[in-house]
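One letter stands for each residue in the lines below.
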Amino acid sequence: MTMRPIRIIGDPVLRTPSEPVTSFDAELRALVEDLMDTLLGAPGRAGVAAPQIGVNAQVFVYDADGHRGHMINPTLEVSDELQDDDEGCLSIPGLYFPTPRALHATAHGYDQHGEPLTITGSGFLARALQHETDHLRGRLYVDTLRGDTRRRALREIRAGRFDSPSRGR
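A quick note: this is a predicted structure, and the numbers were derived from the prediction, not measured. (Residues numbered from 1 in each chain as written. Predicted model: local features only at pLDDT ≥ 70, side-chain atom pairs only at ≥ 80, totals over all residues. Heavy atoms only, no water.)

(A) Main features of the overall build of the protein. Secondary structure summary: the protein contains 3 helices and 7 strands in total. Moving toward the C terminus, one meets the helices and strands of the protein in the order α-β-β-β-β-β-β-β-α-α. Compactness check: the protein gives a C-alpha radius of gyration of 15 Å against a globular reference of 15 Å for 169 residues, within 12% of the reference. Projected onto the principal axes, the alpha-carbon positions of the protein cover approximately 45 × 40 × 30 Å. A separation threshold of at least 6 residues defines the contact pool for the protein, and within that pool the share at least 24 residues apart is 67%. Entry remark: accessible area of the protein is about 8,300 Å², with carbon and sulfur atoms responsible for 48%. Both charge centroids of the protein, one from 19 positive and one from 24 negative side chains, sit 9 Å from each other. (Helix = DSSP H or I, 4+ residues; strand = E, 2+ residues; numbered from the N terminus. Rg over C-alpha atoms; globule rule 2.2 N^0.38 Å. Contact = heavy atoms within 4.5 Å. Areas by Shrake-Rupley, 256 points an atom, 1.4 Å probe, with all protein chains shown as cover. Lys, Arg positive; Asp, Glu negative; His and termini not counted. Charge placed at Lys NZ, Arg CZ, Asp CG, Glu CD.)

What follows is the structure in structure tokens.
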């Protein structure tokens, strides 16, 4: 099992749009395995994207609402209907803010063997698909916040009011 360390806000890889995957080879399958080991290696994780472990590739894994898997080179279709639940991120540990997301999402992409893949979800799964796809675009959930919530989040981040990686998150 290879559980990789999670990159924390401030690391440039988290703000860099990821490169599309072009080789569906053993190296990609090893990356998917490392991502899944990192996801399942600690409780309470719903997804991990390649940039969060320092890899600039459009790959993420998820485990949400009883659905577990991976997606490569995703594109998203989202509903106009919104949900506004608390959201957090392994790369900003310990902070959670009400984050507007589409209630329904469909991700189209590929599996680790290059076969087309579609994942459709509502609620928490839809939130996870959007969150992880944002990581691949160099965006963090705090980028979607507005108004007082955004100001409070940025204040807490600047003040370092999130759990340090040494605390096991």
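(B) Representation of the UniProt feature "binding site: Fe cation" (unreviewed entry) in the protein in the model. The UniProt feature table records "binding site: Fe cation" (unreviewed entry) at Cys-89, His-131 and His-135. Taking the farthest pair of C-alpha atoms as the criterion, the annotated set spanning 47 residues converges on one region, since that pair is 10.1 Å apart. The topology assignment puts His-131 in helix H2 (residues 124-136). Residue class for His-131 comes out buried when judged on its relative accessible area of 8%. If sequence neighbours within four positions are ignored, His-131 has contacts with Glu-87, Gly-88, Cys-89, Arg-101 and Tyr-141. Mapped onto the elements, His-135 comes out in helix H2. (UniProt positions renumbered as here; feature names shortened; annotations may be inferred. Buried < 20%, exposed > 50% of the residue type's maximum accessible area, 1.4 Å probe, protein only.)

(C) Structural context of unusual backbone geometry. In this structure, Asp-65 is a non-glycine residue whose phi angle is positive, near 50°. When you line up the elements, Asp-65 lands in the loop between strand E2 (59-64) and strand E3 (67-78). Located in the positive-phi region is Asn-73, a residue other than glycine, with phi close to 55°. Along the chain, Asn-73 falls in strand E3. Judged by relative accessible area, Asn-73 falls into the buried class, the value being 15%.

(D) Representation of helix H3 (residues 147-158) within the structure. In this model H3 runs 17 Å from its N-terminal to its C-terminal C-alpha over 12 residues, within 8% of the 16 Å that 1.5 Å per residue would give. If you check which residues of H3 are buried, you get Ala-153, Glu-156 and Ile-157. Burial along H3 is one-sided: seen end-on, the buried residues are contained in an arc of 100°. Along H3, the residues that are exposed and aim more than 90 degrees away from the buried face are Asp-148 and Arg-158. After H3 finishes, the residue Gly-160 shows a positive phi value of roughly 70°. (Expected span 1.5 Å × (residues − 1). Arc of directions from axis to C-beta.)

(E) Expanded view of the pattern of salt bridges. Under the defined criterion, the tally for this structure stands at 9 salt bridges. With a shortest N-O distance of 2.8 Å, Arg-101 and Glu-87 are connected by a salt bridge. Here the residue Arg-101 occupies a position in strand E5 (residues 92-102), and Glu-87 occupies one in strand E4 (residues 82-89), the gap between them amounting to 14 residues. No difference in accessibility class separates Arg-101 from Glu-87, as the two residues are buried. The buried category is assigned to Arg-101, whose relative accessible area is 5%. (Salt bridge = Lys/Arg side-chain N within 4 Å of Asp/Glu carboxyl O.)

(F) Structural view of the environment of Gly-147. Examined against the element boundaries, Gly-147 turns out to sit in helix H3. Once the C-alpha coordinates of Gly-147 and Ile-157 are considered, the two residues, 10 residues apart in sequence, prove to be 16 Å apart.

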